Amino acid sequence: MSVFFQLGTVMNVMSGHKSLLVLAARSSFIAIAIQLFLPYLLPNGPPVHIPLSKRPRPTLDRRNVSLRLSSGKVTKIYERLTEGQEPLLIGPETVVLDNRGVIYSMTEDSKLVTLTKLQPDESNPHTMTAVVTQVANLGPGRALGGKFDKNGCLYFADVLMGLARICIKKSNQQNVKVELIASSVQLEDGSWSDIAYADDVDIGPKTGHVYFSDASDVRVDRDVKSGKWDIMYASKVEAMRGKMTGRILRFKPESGQVDVLATGAAFANGVAVDKDETFILYTSTYEGAVMKYFLDGDKKGQSEKILTQFPGFLDGADCSFERGTCYVAIPSTISPLAGLVFSMPDFIGKPIRSLLMILPRWMTPNAEPYGGVAEIYPGSATIPPSVKRIFQDPDGRDVNIITGVTEFKGKLYLGSLHENYITVYDLD
C-alpha cells in the first residue's frame, strides 16, 4: 500500500511540475509576444512614471456659471451664410487680431479667414453674425495658434510644418504665400531635432522674437474615418504616456536662428509674453500648470511653476499689456476616469494607461463638456502670482471647449477647436 502511495505521490509531483512548466512556457510565450508586438501596439513608447507633483489636481466649482449667456457679458459670433453657401468658420482654434482690430482665425481645414461686417442677430440678443472671408490657404496641415508682428506678417504654428509665416498685402490678398520658417531646431550638441507638434505663438514687443511651443514628440496623424488631422488623439496619447517632451522655442528674425528655451512640459501649449518681454508664460497642459520662463533678471534662463489652482487642463494663453494680467484657456475638466488613472500608483496606473494608449481612437475617452478661461496675475518682485478670476460654463451649455484666448481692448476673444463660433467676453 505504501509503495502505491509513494508512486502516486511521485506522479502527482511530476504532474504538478508539468503544469508549472506549461504555465511557465505559456507565460514566456506571452511575454515574448508582448515584447515583439509592443513597438506596434505602443509606437510612441510605453507610459512612464509621472511624479505626484506633476499630476493635475482640479478644483472645479460648479456654482460658477460666469461664462454663460445669462451673465450678460458673453456674445457669440456666428458666420452669416447665404443660401447654398458653404461654411468657412469651422473649428476656429485661436482668434488673432491685427493692429487695426480686424478679427482673423485659422480653421479646421487650415484656411485663414477674416470676420467683418458684424451685426446683431435679431433672433437672439446674445449672438452676432459676421461675413467670413477666406484670405489664404495655409497649407496641407492644421494651423493652430498665431500672432501678427508689427509689419503685418502672421506667424503661426502648424502641427505638420512647424513655425510658418504669411505676410498679407492689402493691395493683393489673393497672391499671398506661406513661408516655412522652422521645421527643426539645432540642439546644443549640434544634432537636429524635428518640431513635431507646433502649437502656439507669441511675439516679443521689444525684440520681435517669435516664441512658440512644440507640444510633444507625438506626431499628429489623420483619422481614417473622417479624413481630418486628429489633433486630440495625439494629445491623449501624450497624456497617457506622461513622458513630458513639450518645449518652448524661440525664432530670431534678425538671424534666422531657432533655439530651445525650456523643456520638460507635459504637453507645452499656450505661450504669452509680457509687455516688457522679461518673461514668457506657457501652459503645461496635463500638469494643469502655468509655467514662467525668465528672459531677464536674476533668474534669466530658468523656468518655474507658478500656478496650479485650475478646474481642468490648460490650453492657449495671452497677456494684456494694458491690464498687466494674463489669460489661460481651460478646454475641459478632468474626467472621473482621468482623475482616477492619474491618482493610481504605477503598478496599477501604467498598465491601465498602456491599455488606453492601445485602444482604437474611436474608443478613447472624450473630453467632458466644459468651457473656461482663467484670469491670472503673473507675479512681480514683490507680489506673488495668483489666479484672480475663473470664467466658466461648467457643463458647456453655452460655451464649450475653449482652446484659444486673445485679449484685445478689454475683451477676451475665445476660440474653439471643435465649435463653429467665436465667443467674446467683456471684461469690464
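For the structure itself, consult the block above.
All of the points below concern the structure found in this document. Remember, predicted model here, so these are calculated numbers, not experimental data.

The subject of this paragraph is the overall build of the protein. Each helix and strand in the protein was counted, giving four helices and 28 strands. Each of the 428 residues in the protein was classed as buried or not, and the buried ones make up 50%. In the protein, once contacts between residues fewer than 6 apart in sequence are set aside, the share between residues at least 24 apart is 56%. Total accessible area computed for the protein in this model is approximately 21,000 Å², and 57% of it derives from carbon and sulfur atoms.

Our next topic: the sheet that holds strand E8 (residues 162–167). The strand order across the open sheet formed by four strands is E6-E7-E8-E9, and the pairing between neighbours is antiparallel. Edge positions in the sheet fall to strand E6 (143–148) and strand E9 (178–182), since each of these pairs with one other strand and no more. Direction aside, neighbouring strands of the sheet carry axes that sit 30° apart on average. Relative to E9, E8 is paired through four bridges, and the arrangement is antiparallel. Bridge assignment links Leu163 to a residue of E9, and that residue is Ala182.

Right, let's talk about the state of the cysteines for a bit. Per the counting criterion, the structure on display carries two disulfides. Between the sulfur atoms of Cys153 and its disulfide mate Cys167 the distance is 2.0 Å. One disulfide, between Cys153 and Cys167, carries an S-S torsion of 105° and so falls in the right-handed class. Linking Cys153 in strand E7 (residues 153–158) with Cys167 in strand E8, this pair joins segments that are 14 residues apart in sequence.

At a minimum axis distance of 9 Å, the contact between helix H2 (residues 231–241) and helix H4 (residues 346–358) shows a crossing angle of 165°. Between H2 and H4, the angle is such that the two are roughly antiparallel. For the element pair H2 and H4, the recorded crossing hand is left-handed. Of the residues in H4, those in contact with Tyr233, Val237, Met240 and Arg241 of H2 are Arg353, Leu356 and Met357.

Taken as a whole, the second largest pocket spans an internal volume of roughly 730 Å³. Lining the second largest pocket are 30 residues, with Leu97, Asn99, Lys147, Phe148 and Phe321 sitting closest to its centre. Put simply, the parts of the chain that give the lining of the second largest pocket at least two residues each are strand E2 (95–97), E6, strand E12 (198–203), strand E21 (317–319) and strand E26 (402–408). Looking at side-chain class alone, the lining of the second largest pocket contains eleven nonpolar, eight polar and eleven charged residues.

The end-to-end C-alpha distance of H4, which contains 13 residues, comes to 17 Å, matching closely the 18 Å that a straight helix rising 1.5 Å per residue would cover. Where H4 is buried, its residues meet H2 and helix H3 (336–343).

This part takes up empty space enclosed by the protein. Within this structure, the stated rule accounts for four cavities of 30 Å³ or more. Its volume calculated, the largest cavity comes out at about 90 Å³. As for the largest cavity, its lining consists of 15 residues, and the residues nearest its centre are Thr94, Asp200, Ala317, Val405 and Thr406. Looking at the lining of the largest cavity, the elements with two or more residues in it are E2, E6, E12, E21 and E26. Residue contributions to the lining of the largest cavity peak at four residues, all from E26. Along the lines of polarity and charge, the residues of the lining of the largest cavity split into six nonpolar, six polar and three charged. Space inside the second largest cavity adds up to approximately 70 Å³. As for the second largest cavity, its lining consists of 13 residues, and the residues nearest its centre are Ile50, Ala239, Gly242, Ala266 and Tyr286. In terms of residue class, the lining of the second largest cavity is built from eight nonpolar, one polar and four charged.

By the secondary structure assignment, Asp149 is in the loop between E6 and E7. A polar contact of 2.9 Å, which involves the side chain of Asp149, links it to the backbone nitrogen of Asn151.

This part is about the sheet that holds strand E17 (residues 279–284). With respect to topology, four strands assemble into an open sheet ordered E16-E17-E18-E19, the strand pairing being antiparallel. If you trace the sheet from one side to the other, it starts and ends with strand E16 (268–273) and strand E19 (303–307), each paired once. When the angles between neighbouring strand axes are averaged without regard to direction, this sheet yields 30°. Alignment of E16 against E17, held across four bridges, turns out to be antiparallel. The residue bridging Val273 from the neighbouring strand is Ile280, located in E17.

Right, let's talk about the packing of aromatic side chains for a bit. Aromatic rings considered in pairs are described by the distance between their centres and by the relative angle of their planes. The tally for this structure, following the rule as stated, stands at seven aromatic pairs. For the ring pair Phe391 and Tyr425, a centre distance of 4.5 Å and an interplane angle of 35° mean the geometry is tilted. Of the two residues, Phe391 sits in strand E25 (residues 386–393) while Tyr425 sits in strand E28 (residues 421–426), which places them 34 residues apart along the sequence. Under the relative-accessibility criterion, Tyr425 is labelled buried at 4%. The ring of Tyr421 is capped by Lys76, whose NZ or CZ atom sits 4.1 Å from the centre of that ring. The ring of Trp229 has Arg222 lying over it, and the distance from NZ or CZ to the ring centre is 4.1 Å.

Quick notes on the rules
The residue count restarts for each chain, going from 1 along the sequence in the order it is written. The predicted nature of this model means local features are confined to residues of pLDDT at least 70 and side-chain atom pairs, given and counted, to a pLDDT of 80 or more, with totals for whole chains, interfaces and linings taken over all residues. To get the side-chain values, take all heavy atoms of the structure and skip hydrogens and water. By the criteria applied, helices consist of DSSP H or I runs no shorter than four residues and strands consist of E runs no shorter than two, each listed in order from the N terminus. To sort residues, take the accessible area from a 1.4 Å probe on protein chains only and compare it with the maximum for the residue type: under 20% means buried, over 50% means exposed, and anything in between is partly exposed. We call two residues contacting when some pair of their heavy atoms lies within 4.5 Å. What sets the accessible areas is the Shrake-Rupley method with a 1.4 Å probe; for residues, cover comes only from the shown protein chains. Only strands joined by at least two bridges in the DSSP assignment are considered to pair. Interaxial angle, 0 to 180 degrees, is taken between N-to-C directions of lines fitted to C-alpha atoms, where a helix line uses only the stretch in contact. Note on terminology: disulfide denotes any pair of cysteine sulfur atoms within 2.5 Å. Any angle that falls under 35 degrees is termed roughly parallel, while one over 145 is termed roughly antiparallel, one within 65 to 115 roughly perpendicular, and all others oblique. Take the far helix as your reference; a near helix turned counterclockwise from it by less than a right angle gives a left-handed crossing, and one turned clockwise gives a right-handed crossing. Residues are said to line a cavity or pocket when one of their atoms sits within 4 Å of a point; the points come from a 1 Å grid over protein atoms alone, cavities being sets where a 1.4 Å probe fits but cannot get out and pockets being open sets with protein on both sides within 12 Å along at least five of seven lines. Grid points are joined across faces, edges and corners, and a volume is the space filled by probe spheres set on the points. Here the term charged refers only to Asp, Glu, Lys and Arg, the term nonpolar to Ala, Val, Leu, Ile, Met, Phe, Trp, Tyr, Cys and Pro, and the term polar to all other amino acids, Gly among them. Here the expected span of a helix is defined as 1.5 Å times the quantity of residues minus one. For this analysis, a polar contact is any N or O atom pair within 3.5 Å, provided that within protein one partner can donate a hydrogen and the other can accept it, and provided that sequence-adjacent residues contribute only side-chain to side-chain pairs. We call Phe, Tyr and Trp rings a pair once their centres come within 6.5 Å, taking the six-membered ring for Trp, and we label the pair stacked below 30 degrees between planes, edge-to-face above 60, and tilted otherwise. Both a distance and an angle decide whether a charge sits over a ring: NZ of Lys or CZ of Arg must be within 6 Å of the ring centre and within 35 degrees of the ring normal.

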